[in-house]
Amino acid sequence: MSSSWNSVGLEVFYQVLGWIAFFAWSISFYPQVILNYKRKSVVGLNFDFVVLNLTKHSSYLIYNAALFFSPVIQRQYHDKYGVNEMIPVAANDVAFSLHAVALTAFTLSQVFIYERGNQKVSKVCISITAIVWTAAIICLIIAWPKSNWLWLIDVFSSIQVTMTAIKYIPQAVMNFKRKSTIGWSIGNIILDLTGGVLNFGQMGVQSIDQHTLVNFYGNIGKTLLSLEVVFFDVIFIIQHYVLYPVKRDENGKAIISERVTPLIRPSDKPEEDNV
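An unreviewed UniProt entry lists the protein chain under the name Cystinosin homolog, with Brachypodium distachyon given as the organism. UniProt lists a comment for the protein chain under the heading Subcellular location (unreviewed entry), and it reads "Lysosome membrane".

Here is the structure:
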């Protein structure tokens, strides 16, 4: 039997924070998708980031959906952390994960249809992705005989935490090398940061109501996810507004001084675009 809320007000506040975080995080995918569509180009968007992001969100979906819907896994959670502890996954977590997988997959599809210059997915990224999913399958085989499902979904939670830490690095390094963030949507980052802060706040509200910190380490994946998101988003904001501010012409168009190699035929004209 799971614990219930002690304060109706805190429960409502928890739900409000959770759904605002859901909408902020969900909407955060669209600025990049729209930017790619308007430019008919994915130059400036790091492909390793997209591939690693798909692995990250797929793992997070498995964790959230399994813990939220499975009575067996919920029972194992209560056996480990106590019968009075609340399940640390909310409906907004599951909804966000579903939406994130769909939008990340759609962004990946844009890589195949729009101009991408000489960019490609690195061998390192392919290797990491292959190793992660191979390890996940091996863990499934290990967990199956004894039905260690909580342990298995904790593995997927660990995968999403690791992928969150890794996925931002290629984009940050690419911005540094290009000395530009054009092609990488800052709207995505601002909304992502908002979602991360609210997500962490939601967990704090639950802890205050329950007078325990179990939900922070009982769902360590969600806790670390929020902290990682905030850390890397601050880096991207500094890159965009401080280190590599966008230069615009008299018409307000962003000017890209670097030259890129189009996918189909070359062009000697510098690329211009509204970002």
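Q: Talk me through the environment of Pro-245; I want residue IDs and the actual numbers.
A: Here Pro-245 shows up in the loop between helix H10 (220–243) and strand S1 (254–255). Each C-alpha atom, one on Pro-245 and one on Ile-182, is 9.3 Å from the other, the two residues being 63 residues apart in sequence.

Q: Provide a residue-level description of helix H7 (residues 149–178), including the pertinent values.
A: With 30 residues, H7 extends 44 Å between its outermost C-alpha atoms, agreeing within 8% with the 44 Å of an ideal straight helix rising 1.5 Å per residue. Backbone geometry just after H7 places Lys-179 at a positive phi near 55°.

Q: Account for unusual backbone geometry, with residues named and values stated.
A: We note that Lys-179 has phi near 55°; this positive angle belongs to a residue other than glycine. A positive phi angle is found at His-211, which is not glycine, with a value near 55°. Position of His-211 among the secondary structure elements: in the loop between helix H8 (186–210) and helix H9 (214–218).

Q: Tell me about empty space enclosed by the protein, and please be specific about residues and values.
A: One pass over the full model with this rule turns up 3 cavities of 30 Å³ or more. When its volume is computed, the largest cavity comes out at roughly 270 Å³. Along the walls of the largest cavity sit 23 residues, with Phe-29, Phe-49, Asn-53, His-57 and Asn-188 positioned nearest its centre. Listing elements by their share of the lining of the largest cavity, those giving two or more residues are helix H3 (47–69), helix H5 (91–113), H7, H8 and H10. It is H3 that contributes the most residues to the lining of the largest cavity, 5 residues altogether. Its residues placed into classes, the lining of the largest cavity shows 12 nonpolar, 8 polar and 3 charged.

Q: Describe the nonpolar core, and please don't skip the residues or the numbers.
A: Counting 33 residues, the largest nonpolar core has Phe-49, Phe-96, Ile-159, Tyr-168, Trp-184 and Phe-236 as the members making the most contacts within it. Breaking this core down by element, the ones donating at least two residues are helix H1 (8–27), H3, H5, helix H6 (123–143), H7, H8 and H10. If we skip the residues at most four places from it in the chain, Ile-159 touches Thr-55, Ser-59, Val-132 and Ala-136. One finds Leu-67, Ile-73, Tyr-77 and Val-214 within the second-largest nonpolar core, a separate group that totals 11 residues.

What counts and how
- Residues numbered from 1 in each chain as written.
- Predicted model: local features only at pLDDT ≥ 70, side-chain atom pairs only at ≥ 80, totals over all residues.
- Heavy atoms only, no water.
- UniProt positions renumbered as here; feature names shortened; annotations may be inferred.
- Helix = DSSP H or I, 4+ residues; strand = E, 2+ residues; numbered from the N terminus.
- Expected span 1.5 Å × (residues − 1).
- 1 Å grid on protein atoms, 1.4 Å probe; cavity = no way out; pocket = protein on both sides within 12 Å on 5 of 7 lines; lining within 4 Å.
- Points joined across faces, edges and corners; volume = space filled by probe spheres on them.
- Nonpolar A, V, L, I, M, F, W, Y, C, P; charged D, E, K, R; others polar.
- Core = buried A, V, L, I, M, F, W, Y, C linked by side-chain atoms within 4.5 Å.
- Buried < 20%, exposed > 50% of the residue type's maximum accessible area, 1.4 Å probe, protein only.
- Contact = heavy atoms within 4.5 Å.

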